[in-house]
Amino acid sequence: MVAGLREFALRSRDGSGKPVLDESNGEELMHVQPSVAVALGNRPVESPGTLYITSRKLIWLSDVDMAKGYAVDFLSISLHAVSRDPEAYSSPCIYAQIEVGEDEDDDDSDTESTEVLDLSKIREMRLVPSDSTQLETMFDVFCECAELNPEPVEEEEEEEESGHNWVFSADQMDVRGGDEDAEWQISQSPTSVIGHSNGDEGLAQPMLELQINDQRFEDAEEMVHESETKDHH
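A short tour of the structure in this document, coming up. Note that the structure is a prediction, hence the values are computed from the model and not measured.

Time to look at helix 1 (residues 135–147). Its 13 residues give helix 1 an end-to-end C-alpha distance of 18 Å, which sits within 8% of 18 Å, the value for a rise of 1.5 Å per residue. Of the positions making up helix 1, those classed as buried are L135, M138, V141, F142 and C145. The arc that holds every buried residue of helix 1, seen down its axis, measures 130°, which confines them to one face.

Structure, rendered in structure tokens:
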């Protein structure tokens, strides 16, 4: 399930203002970048705060409102890049695309730029540091942490990759006959069809015929032939 962007206001009680991490599950703080403003979707940029990059997610906490903050898991970030083009955005920033839930309204009339902020519909986020020379450092940490959070592989895909599935549909079977030396061959020829009718074409049903090319049958035929020859002598 895609978590998307969400509110985050869990700060430590030691007065440092740092976020509370899920350390019991191995979450670690990787980088802290002060004086970073955030712009969500098409909304105006918000007052600067502090960006915390952990091994699991991005956390932005406001320096003005201690109860305000946002978080997004790396698994929900589909793209991140350094943007320096003033035509794309007025300030150099880290641009990120965020995946939203499948059940969310996907039309152009979402509420990104309205007064009511629905974080579940935010698909874009820009992180604007006051010191633009830090963009490359931020981006490198982004990449490092993204690699720590690969997309999970579906169970069905794992089974297909690790096991052998011996059930095939007709479309999956090679009906061209394959190599002549193949031990098992599949053919779908109108002249060699299992269960075809005599004269009544309307009842003829094309079926797959399994032809077995087994050396054992040839050996057995030779043995029978030799036995008959000896009996005649």
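Turning next to the environment of A9. In this structure, A9 sits in the loop between strand 1 (6–7) and strand 2 (29–40). It is 5.4 Å that separates the C-alpha atoms of A9 and G69, two residues lying 60 residues apart in sequence.

Where charged atoms from two side chains of opposite charge approach closely, those side chains can pair. Inspection of every chain in the model, using the stated rule, returns four salt bridges. The salt bridge involving R6 is made with D73; its shortest N-O contact spans 3.0 Å. Here R6, found in strand 1, pairs with D73, found in strand 5 (residues 69–73); they are 67 residues apart in sequence, far enough to count as distant. We classify R6 as partly exposed; its relative accessible area is 27%. In this structure D73 comes out as partly exposed when scored by relative accessible area, which is 22%. For R84, the salt bridge identified is with E136, shortest N-O distance 3.4 Å. Of this pair, R84 sits in the loop between strand 6 (77–83) and strand 7 (93–98) while E136 sits in helix 1, placing them 52 residues apart in sequence. Residue E136 is classed as partly exposed on the basis of its relative accessible area of 40%.

What counts and how
Residues numbered from 1 in each chain as written. Predicted model: local features only at pLDDT ≥ 70, side-chain atom pairs only at ≥ 80, totals over all residues. Heavy atoms only, no water. Helix = DSSP H or I, 4+ residues; strand = E, 2+ residues; numbered from the N terminus. Expected span 1.5 Å × (residues − 1). Buried < 20%, exposed > 50% of the residue type's maximum accessible area, 1.4 Å probe, protein only. Arc of directions from axis to C-beta. Salt bridge = Lys/Arg side-chain N within 4 Å of Asp/Glu carboxyl O.

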